[in-house]
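Geometric and topological summary
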Amino acid sequence: MRQQPKSDPKPSEEFIYTDLYNAICERHLPPDTKLGEAMLAEHYGVSRTIIRQVLLRLSSDRLVKLEPNRGAFVASLSLEEARQIYEAWRLVEAAIIRDVTQSITPEQIASLRSLIAAERVACDEQNYPLLTRLSTQFHVQLADLCRNKFLGRFLKELIPQTSLAYFYEIRKMPVCTKDEHSEILELIVAGDAEAAVSAAKQHLDGIESSLNARVAFDRQMSLVDKLMSPNPVAKIRSL
Ligand SMILES: [Zn+2]
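How each quantity is defined
- Residues numbered from 1 in each chain as written.
- Predicted model: local features only at pLDDT ≥ 70, side-chain atom pairs only at ≥ 80, totals over all residues.
- Helix = DSSP H or I, 4+ residues; strand = E, 2+ residues; numbered from the N terminus.
- Buried ≥ 20, exposed ≤ 12 C-beta atoms within 10 Å, placed from the backbone.
- Pairing = 2+ DSSP bridges.
- Expected span 1.5 Å × (residues − 1).
- Axes fitted to C-alpha atoms, helices over the stretch in contact; angles between N-to-C directions.
- Parallel < 35°, antiparallel > 145°, perpendicular 65-115°, else oblique.
- Left-handed = near helix turned anticlockwise from the far one by under 90°.
- Contact = placed C-beta atoms within 7 Å.
- Nonpolar A, V, L, I, M, F, W, Y, C, P; charged D, E, K, R; others polar.
- Core = buried A, V, L, I, M, F, W, Y, C linked by C-beta atoms within 7 Å.
- Arc of directions from axis to C-beta.

A few words on the overall build of the protein. For the protein, the count of helices and strands is eleven helices and three strands. Traced from its N-terminal end to its C-terminal end, the protein shows the element sequence α-β-α-α-β-β-α-α-α-α-α-α-α-α. Counting every position in the protein, which comprises 239 residues, the buried fraction comes to 34%.

If you want it as structure tokens, here you go:
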């Protein structure tokens, strides 16, 4: 999924932060995966001090948990917390859609339509990491259009947490389907805020309804294998 860092002169802290952030958000690293400092330092060819800084930043994003005497792990959620995230997401998304319906411009509509077109291509090509990223981007882009910056920021902080909730999902497909996004967007374009809110609620309800505590986590692969895995969804599906 990403170039072998060892071949680089020395990856920057920013590179490693982004790499691990994406690895968690694109579901390469399941909750509770141990993030060994020494292993990561060797993998990226940098000092443990740099790795420690990166892990600290990821813990302030609430994607990594730091445990005294045990080290760093990918953060995990209880099933109840996962449900609470979707509950919060539905409420904020509804407020964002009501605002965006009043203010969206033709340029913004065109940009969202082209994003959905890219989702279709990624889906047809079964490029799941890309589809996951684009699906998330749809919601982030809507949040960016909201004139209430606090609401937009809140949603953008919430969305990465859904990567952790994902591991409770029964279906092993990216969370967002292209046609549901298209339906939400076209209702916004038509100026029907309440219908768009209702479509978004159904969209998020559908994801939440597939959460189940019995879903197995992929705990067998090594950390480095997971980081280098090209297609996490396919690997998880094979369980
Ligand atoms: Zn979605």
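Having seen the structure, we can now continue with the description.
Structurally, Y168 is set in the loop between α7 (149-165) and α8 (178-189). For the pair Y168 and S78, spaced 90 residues apart in sequence, the C-alpha to C-alpha distance is 9.2 Å.

A positive phi angle is found at D32, which is not glycine, with a value near 75 degrees. Of note, D32 is situated in the loop between α1 (13-25) and β1 (34-35). Since 14 C-beta atoms lie within 10 Å of it, D32 is described here as partly exposed. The phi angle at N69 is positive, at roughly 70 degrees, despite the residue not being glycine. Counting through the fold element by element, N69 comes out in the loop between β2 (64-67) and β3 (71-74). A count of 4 C-beta atoms within 10 Å places N69 in the exposed class.

What follows concerns the sheet that holds β1. Pairing is antiparallel in the open sheet, where three strands are placed in the order β1-β3-β2. Looking along the sheet, the strands with just one partner apiece sit at the ends: β1 and β2. Examined bridge by bridge, β1 and β3 share two bridges and lie antiparallel to one another. Its bridge partner being in β3, L35 is matched across the sheet by A72.

The terminal C-alpha atoms of helix α6 (residues 128-145), which comprises 18 residues, lie 26 Å apart, in line with the 26 Å expected from a rise of 1.5 Å per residue. Buried within α6 we find Y128, P129, L131, T132, L134, S135, T136, F138, H139, L142 and A143.

Right, let's talk about the pairing of β3 for a bit. Strand residues, when the strand is regular, have side chains that alternate between the two faces of the sheet. In this sheet, β3 lies alongside β2 in antiparallel orientation, the contact comprising four bridges. In the strand pairing of β3, V64 is matched with V74. Two successive antiparallel strands, β2 and β3, enclose a turn made up of three residues, where N69 displays a positive phi of approximately 70 degrees.

Here the focus is the packing of helix α5 (residues 106-124) against α6. Two numbers describe a pair of packed helices, the interaxial angle and the distance between the axes. At their nearest, the axes of α5 and α6 sit 9 Å apart, and the two run at 165 degrees to each other. On the basis of their axis angle, the class for α5 and α6 is roughly antiparallel. As α5 packs across α6, the resulting crossing turns out to be left-handed. Within the contact between the two elements, α5 uses Q108, L112, L115, I116, A118, E119, A122 and C123 and α6 uses L130, L131, L134, S135, Q137, F138, Q141 and L145. Of the residues in the contact of α5 with α6, the class split is eleven nonpolar, four polar and one charged.

So, about the nonpolar core. Counting 26 residues, the largest nonpolar core has I24, L55, V64 and V74 as its most contacted members. For this core, the secondary structure elements donating two or more residues are α1, α2 (37-44), α3 (48-60), β3 and α7. Considering every element that reaches this core, the biggest residue donor is α1, with five residues. Residue contacts for V64: discarding those within four places in its chain leaves L35, L55, L58, S59, A72, F73, V74 and A75.

Below, the discussion takes up α5. In an α-helix there are 3.6 residues to a turn, and that puts residues three or four apart on one side. With 19 residues, α5 extends 27 Å between its outermost C-alpha atoms, agreeing within 8% with the 27 Å of an ideal straight helix rising 1.5 Å per residue. The complete set of buried residues in α5 reads L112, E119 and A122. One face of α5 carries all of its buried residues, which in axial projection span an arc of 70 degrees. Exposed positions of α5 whose direction lies more than 90 degrees from the buried face are P106, E107, A110, S114 and D124. Two residues or fewer past α5, Q126 is found with a positive phi of approximately 55 degrees.

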